[in-house]
Amino acid sequence: MAVMSQRVAGFGTSIFADINALAAKHGAVNLGQGAPDFDGPPEVLAAAVTAVNSALNQYAPGIGMASVRQAIAQHAQRFYSQQLNPDTDVLVTSGATEAMFAAILGLTDPGDEVIVFEPVYDTYVPNLIMAGVAPRYVPLRGDDWSFDADELAKAFNSRTKAIVINTPHNPTGKVFSRDELRTIAELCQKHNVVAITDEVYEHILYDDTSHVRLATLPGMAERTLTISSLGKTFSVTGWKIGWAMGPAALVYAVNQAHQFITYAVASPLQAAAAAALNMPFAFFENLQTTYQARRDRMLEVLRRAGFKVFKPQGSYFIMIDWRGVAPSKVQGDMQFARWLIEEIGVACIPASPFYQQADKHLGRYFARFAVCKKDETLNAAAERFARLVRT
Ligand SMILES: Cc1ncc(COP(=O)(O)O)c(C=O)c1O
């Protein structure tokens, strides 16, 4: 009996599960999946415990608890001078993941097209397929992962409903520049298209890079849905607290889907999210300093091992080109990831799963390392990579 719906029949298993299993089997240092191996700030953890012990254990309002919606709006004002009404312009979701799926279901119809940049974070395209929407891919290329403006312009047509922009970007570490975002903004306005941004790495930035919020560019406030979440900034990826923000009409449409997906999100964790978002500037500065040290260290380790590294401007990932490092029997990024686990003892994520079938070749020489790890983990990885350093 064929039990699987056609909607999901084409989905393989996630590369993260495969790599985690292989890494565990070989005792590899796991720089694959993008989850910190350290805990979140003690005051945020304590706020969750307090909430559990304060009888905050029943359903929250579907759109989110007032305190967290208020904190999300204040955070947007504090960092981006963005004005949001916490009662109408903010929706709390089960992570950025649910926000994105609810946004696609609430804002598109079967037969529409949505533009995504490639390499593409792995949930967007399955979300589009489940919604009956066709993805249109625009590749990011070259050392700075830039897009060709003409290629992007050609991807827009009368069926285009939305464009998804992930900045800072997973897996490349690219942060879209103001000029690039202006190009996207002009096309969105010309074609009357909604922009959906995924900004979960908004606070993990390197050197002097600033994160520009597309919703704050001229003409974009009314057509941008901004998505972010708690997991990366506060090192609590397991909490799955996220949000969607933007004009009331867009947020209302997203909530029309959200109310029948999860209805409401974990109450005590929402209370803790409010505490987290209200943390002083020093917290956010310290986050950047510690990530900068991790990134710089791993850039050096990977360079010394002989890889070509793509210096990330944001996010907690480093992409590398492995050509010339792995022996010639290694053909393609999947084999590279397996070789690195089995022979060197370090796990990474191959890049081709971030590309559609027809474009997999674009990712075949790339792999992604996550640097959101304790010093001990990075030290252990550095020791293993030292085997690759030619003396
Ligand atoms: C670009 C991007 N968006 C969304 C998520 C998931 O966010 P959340 O855990 O809040 O659902 C991730 C996690 O890796 C991510 O890298």
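What comes next concerns the included structure.

Basis of the calculations
Residues numbered from 1 in each chain as written. Predicted model: local features only at pLDDT ≥ 70, side-chain atom pairs only at ≥ 80, totals over all residues. Heavy atoms only, no water. Helix = DSSP H or I, 4+ residues; strand = E, 2+ residues; numbered from the N terminus. Buried < 20%, exposed > 50% of the residue type's maximum accessible area, 1.4 Å probe, protein only. Contact = heavy atoms within 4.5 Å. Areas by Shrake-Rupley, 256 points an atom, 1.4 Å probe, with all protein chains shown as cover. Near = heavy atom within 4 Å. Polar contact = N/O pair within 3.5 Å; in protein donor to acceptor, adjacent residues only side chain to side chain. 1 Å grid on protein atoms, 1.4 Å probe; cavity = no way out; pocket = protein on both sides within 12 Å on 5 of 7 lines; lining within 4 Å. Sits in = over half its atoms within 2 Å of the grid points. Nonpolar A, V, L, I, M, F, W, Y, C, P; charged D, E, K, R; others polar. Axes fitted to C-alpha atoms, helices over the stretch in contact; angles between N-to-C directions. Parallel < 35°, antiparallel > 145°, perpendicular 65-115°, else oblique. Patch = residues over 30% accessible without salt bridge, like charges linked within 9 Å, V, L, I, M, F, W, Y side chains within 5 Å. Salt bridge = Lys/Arg side-chain N within 4 Å of Asp/Glu carboxyl O. Phe/Tyr/Trp six-rings, centres within 6.5 Å; stacked < 30°, edge-to-face > 60°. Lys NZ or Arg CZ within 6 Å of the ring centre and 35° of its normal. Arc of directions from axis to C-beta. Points joined across faces, edges and corners; volume = space filled by probe spheres on them.

## Examining the overall build of the chain
Link 1 in the chain: Within the chain, the regular secondary structure consists of 13 helices and 13 strands.
Link 2 in the chain: C-alpha atoms of the chain, sized along the principal axes, occupy 60 × 55 × 50 Å.
Link 3 in the chain: Counting over 391 residues, the chain shows a buried share of 56%.
Link 4 in the chain: Pairs at least 24 apart in sequence give 73% of the contacts found in the chain among residues at least 6 apart.
Link 5 in the chain: Accessible area for the chain stands at about 16,400 Å²; split by element, carbon and sulfur atoms hold 52% of it.

## Let's talk about the site of the ligand
Link 1 in the chain: Close to the ligand lie 13 residues, the nearest being Thr97, Asp198, Tyr201, Lys232 and Lys240.
Link 2 in the chain: Note that an oxygen atom of the ligand is positioned 2.5 Å from one of the side-chain N or O atoms of Thr97.
Link 3 in the chain: Separating a nitrogen atom of the ligand from a side-chain N or O atom of Asp198 is a distance of 2.6 Å.
Link 4 in the chain: Its free accessible area being 400 Å², the ligand has 92% of it covered by the protein chains.
Link 5 in the chain: In this structure, the ligand is accommodated by the largest pocket.
Link 6 in the chain: Looking at the shell around the ligand, the element that brings in the most residues is helix α5 (residues 95-107), giving three residues.
Link 7 in the chain: In terms of residue class, the shell around the ligand is built from five nonpolar, five polar and three charged.

## Digging into the packing of helix α11 (residues 281-304) against helix α13 (residues 375-385)
Link 1 in the chain: The interhelical angle for the contact between α11 and α13, taken along N-to-C directions, is 10°, at an axis separation of 10 Å. Taken together, the axes of α11 and α13 lie roughly parallel to each other. Here α11 contributes Arg294, Arg297, Met298, Val301 and Leu302 to the contact with α13, which in turn contributes Asp375, Leu378, Asn379, Ala381, Ala382 and Phe385.

## Looking at a nonpolar patch on the surface
Link 1 in the chain: A cluster of nonpolar side chains, contributed by Met1, Val3 and Met4, occupies part of the molecular surface with about 440 Å² of accessible area.
Link 2 in the chain: Looking at the secondary structure, you find Val3 in the segment before α1 (6-9).

## Some remarks on the packing of aromatic side chains
Link 1 in the chain: Applying the stated criterion to the full structure yields 25 aromatic pairs.
Link 2 in the chain: Measuring from centroid to centroid gives 6.0 Å for Phe234 and Phe284, while their planes differ by 80°, and the two rings are edge-to-face. With a gap of 50 residues between them, Phe234 in the loop between β7 (224-229) and β8 (242-245) and Phe284 in helix α11 connect regions that are remote in the sequence.
Link 3 in the chain: Among the aromatic residues, those joined into a ring-pair cluster are Phe307, Trp322, Phe336, Trp339, Tyr365, Phe369 and Phe385.
Link 4 in the chain: Sitting over the ring of Phe281, Arg78 keeps its end group 4.9 Å from the ring centre.
Link 5 in the chain: Taking NZ or CZ as reference, Lys174 lies 4.9 Å from the ring centre of Phe176, over its face.

## A short note on unusual backbone geometry
Link 1 in the chain: The residue after Glu118, namely Pro119, is reached through a cis peptide bond having omega 5°.
Link 2 in the chain: In this model, Thr167 is joined to Pro168 through a cis peptide bond whose omega is -15°.
Link 3 in the chain: Within the secondary structure, Pro168 sits in the loop between β5 (160-166) and α8 (178-190).
Link 4 in the chain: Although it is not a glycine, Ser81 adopts a positive phi angle of roughly 55°.

## Quick notes on helix α3 (residues 42-52)
Link 1 in the chain: Within α3 the residues assigned to the buried category are Val44, Ala47, Ala48 and Ala51. An end-on view of α3 places all buried positions within 100° of arc, on one side of the element.
Link 2 in the chain: The inward-facing, buried residues of α3 abut α10 (267-277).

## Brief notes about the side chain of Ser352
Link 1 in the chain: Of note, Ser352 is situated in the loop between β12 (349-350) and β13 (366-370).
Link 2 in the chain: Judged by its relative accessible area of 6%, Ser352 falls in the buried class.
Link 3 in the chain: Residue contacts for Ser352: discarding those within four places in its chain leaves Asp333, Met334, Lys360 and Gly363.

## Here we look at the layout of surface pockets
Link 1 in the chain: Of the volumes computed, that of the largest pocket is approximately 1,100 Å³.
Link 2 in the chain: Taken together, 46 residues make up the lining of the largest pocket; nearest its centre are Ser14, Phe16, Tyr121, Asp122 and Thr123.
Link 3 in the chain: Listed by contribution, the elements that provide at least two residues to the lining of the largest pocket are α2 (15-26), α5 and α6 (124-130).
Link 4 in the chain: Its residues assigned to classes, the lining of the largest pocket shows 22 nonpolar, 17 polar and seven charged.
Link 5 in the chain: By volume, the second largest pocket amounts to about 220 Å³.
Link 6 in the chain: Phe79, Tyr80, Glu202, His203, Leu205, Thr209, Ser210, His211, Phe281, Phe284, Glu285 and Gln288 are the residues that line the second largest pocket.
Link 7 in the chain: Listing elements by their share of the lining of the second largest pocket, those giving two or more residues are α4 (66-80) and α11.
Link 8 in the chain: A total of four residues in the lining of the second largest pocket trace back to one element, the largest contributor, which is α11.
Link 9 in the chain: When the residues that make up the lining of the second largest pocket are grouped by side-chain class, the tally is five nonpolar, five polar and two charged.

Any functional reading would require information beyond the geometric quantities listed.
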